[in-house]
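Fold and geometry: a report
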Amino acid sequence: MPKHYRPPGKKKEGNAAKYITRSKALKYLQVTLPVFRRLCILKGIFPREPKKKVEGNHKTYYHMKDIMFLVHEPLLEKFRDIRAYDKRVKKALAKKNKDLADRLLTRKPSYTLDRLIRERYPKFIDALRDLDDCLTMVHLFAALPAIEKEQIPVKRIHNCRRLSHEWQAYISRTHSLRKTFISVKGIYYQAEVEGQKITWLTPHALQQVLTDDVDFNVMLTFLEFYETLLAFVNFKLYHSINVKYPPILDPRLEALAADLYALSRFFAANSKATIGESQMVTSSGSEQADSKRKEMQTDESELRLAQLQHQLPTNEPGTLMHLIEDAADGDDDEDVERRECKTLFKNMKFFLSREVPRESLLFVIPAFGGTVSWDGDGAPFKEADEGITHQIVDRPTQGHKFLSREYVQPQWVYDCANARIILPVDGYLVGRVPPPHLSPFVDNEAEGYIPEYAETIKRLQAAARKELLPMPGVDKRDLDDPQNLLLEGVISRAEANEAAEKKRKMAMLEKQYHNELKMELQGVPYSSSVSNDNTESAVNDTEGREESLPDPDQIAKDSSSSMSMVVMSRKKRKLYEAMQINKERKRENVNKLKERKAKAAQGSA
């Protein structure tokens, strides 16, 4: 009897029972491959990788539980009804029965994905965590041309554009934008909504060319789900700030493609309306209250007033207003980052020229507290406004200039937003090559290479916060050197001598420890005489203060190569070797960047 022989009629066990191939799943569900793909995308079901592939390595496997979920899915029946309906319409047209075909077209079966949204995201925070791909897809289709051949109608494009503008208007209104970066692919944004960091990519405002190697049917299925998801998220976010959804925009501004400005005006008008409605509701409620309720309210109000008078000073005018302001300040302290973003471009008025990316700047500038206008119809103020402080331009020559404003390139706005300070405009003036546009998504310290302009921005940030940083080429530990502290007048001479002696002893002990560790790695037997000789040599070397200490990284490397590699298992050894290869690649990349920097400096000199 073979080892894996299974008698007929016996149930399957193990991976054969847990997983099923795609072809068998299609036969089990009795659907075609496009319908199966559509169901899997809408339900969030993806292929699995079993440990042992029973049918072979060249097949796609799905979990049997996921297929059982699809069996009882109401959408499956709806798709079957739509397929039968399409056959009836096609048959009527083939028989040239136009009246029957027209009647059938008016009764086309439809479906909604609201139930799937509530099923896949039981909590709102789950939907926010899965919003990155959704926003990227919606912003992508908002910039694509409408092509009937690829089943991309104009109505779908307008819906994506509306959803993207509603999302950007909320982020701009609540000052939730944190990072932005312009790349070749497009413009990256990162916002923080209810504690969740959401990153998405928007394409540049250029004519998009569709390629033939992309399956738009799959992308449109994803888009169908993402449109419903983003509409749910926008509805929840708008109601969280007491704004009606969907917003009603000014048709004139909407016709002029000023959707973001129209949404900002809707936010302002809606906030005023909610304040007026709340006042009317409170007045009507007080008029309709019963006498007993009035007496209870008066008693509670008298009690609160008595407590308030007991807490407030008696002779200080306006104490209640100060108390309210202090409470508001306490609320603001809970989110310092939001307050920085809200006041970055405060009291600044920007004007956008025709050649700059208008939609991106209309999103970024108000998100950081600025006021913006543009060259065109529907703008809030004209170019000749004397209150404009900065004009964003991207061409070397200007027809006329106003002396009361700064003419800067668009990169200045994005760099200021990432640095959270107002950078000097000298490097961003018209006609000059701007500084390098650094990505805020890269951790320079982890990469091992800090660009020169990043250090400049770091010093400007420290100057804005009134912090003390070491000079270039000086280690941060040198700031705590006793001699430096003595020269600055921070400590006295006796304290400086005591600190220097303590530092010398610590260096001596560190030198002794490194020498003993090195001897142990070399296999030298430990003896008291050798230890004493090494201690005396360590004392002499430390007093000289000219010889450099052994490199701890080199010692750690030697120990890992000689001892740790021997006791490692094969899996851990391979993982360690991959880590070392990654470190070596990073080191080579840093060296390459340094060489480029040196060559650029020589070329400019």
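Residues numbered from 1 in each chain as written. Predicted model: local features only at pLDDT ≥ 70, side-chain atom pairs only at ≥ 80, totals over all residues. Heavy atoms only, no water.

So, on to a nonpolar patch on the surface. Taken together, the side chains of Y28, M68 and V71 make up a nonpolar region of the molecular surface, amounting to roughly 240 Å² of accessible area. By the element assignment, M68 lies in helix α4 (residues 64-71). Residue M68 is classed as partly exposed on the basis of its relative accessible area, which comes to 31%. (Patch = residues over 30% accessible without salt bridge, like charges linked within 9 Å, V, L, I, M, F, W, Y side chains within 5 Å. Areas by Shrake-Rupley, 256 points an atom, 1.4 Å probe, with all protein chains shown as cover. Salt bridge = Lys/Arg side-chain N within 4 Å of Asp/Glu carboxyl O. Helix = DSSP H or I, 4+ residues; strand = E, 2+ residues; numbered from the N terminus. Buried < 20%, exposed > 50% of the residue type's maximum accessible area, 1.4 Å probe, protein only.)

Moving on, we get to the sheet that holds strand β5 (residues 196-202). The sheet built from three strands is open, its strands ordered β3-β4-β5 with antiparallel pairing. Edge positions in the open sheet fall to β3 (177-182) and β5, since each of these has one partner strand only. Taken over all neighbouring pairs, the strand axes of this sheet differ in orientation by 15° on average, direction set aside. As paired strands, strand β4 (residues 187-193) and β5 are joined by seven bridges and run antiparallel to one another. Of the residues in β5, the one forming a bridge with Q190 is T199. (Pairing = 2+ DSSP bridges. Axes fitted to C-alpha atoms, helices over the stretch in contact; angles between N-to-C directions.)

The tally for this structure, following the rule as stated, stands at zero disulfides. Its sulfur unpaired, C160 is 9.4 Å from the next cysteine sulfur, which belongs to C134. By relative accessible area, C160 is classed as buried at 0%. (Disulfide = S-S within 2.5 Å.)

For the rest of this paragraph, the subject is the packing of aromatic side chains. Aromatic ring pairs: the centre-centre distance and the angle between the two ring planes describe each pair. What the rule picks out here adds up to 17 aromatic pairs. Their ring planes at 65° and their centres at 6.4 Å tell us that Y188 and F441 sit as a pair that is edge-to-face. Taken together, the residues span a long stretch of sequence, with Y188 in strand β4 and F441 in the loop between α18 (411-419) and α19 (444-447) at a distance of 253 residues. With relative accessibility at 33%, the residue F441 sits in the partly exposed group. (Phe/Tyr/Trp six-rings, centres within 6.5 Å; stacked < 30°, edge-to-face > 60°.)

What follows concerns the pairing of β3. Two strands pair when backbone bridges link them, and β3 and β4 are joined in this way by five bridges, in the antiparallel orientation. Counted as the bridge partner of L177 is A191 from β4. With antiparallel pairing between neighbouring strands as the criterion, β3 and β4 make up a hairpin whose turn holds four residues.

With that settled, consider the confidence of the model for the protein chain. Scored by pLDDT, the protein chain comes out at a mean of 77, with 73% of its residues at no less than 70. With pLDDT under 50 throughout, residues 303-334 is counted as low confidence; its partners more than four residues away or in other chains account for nine contacts. (pLDDT = per-residue confidence, 0-100. Contact = heavy atoms within 4.5 Å.)

A few words now on the nonpolar core. Formed by 96 residues in total, the largest nonpolar core has its most connected members in F36, L131, W167 and L229. Considering each element in turn, this core owes the most residues, eleven residues, to helix α11 (residues 216-240). Non-local contacts of F36, meaning those with residues more than four positions away in its chain, are made with R22, A25, L26, L29, V31, Y62, I67 and L70. (Core = buried A, V, L, I, M, F, W, Y, C linked by side-chain atoms within 4.5 Å.)

This part covers unusual backbone geometry. Of note, the bond from Y245 into P246 is cis; its omega dihedral lies within 30 degrees of zero at 0°. Positionally, P246 belongs in the loop between α11 and α12 (251-255). Positive phi is not limited to glycine here, since H175 has a value of about 55°. Following the sequence through the fold, H175 ends up in the loop between α10 (154-174) and β3. Phi at E194 takes a positive value of approximately 55°, unusual for a residue other than glycine.

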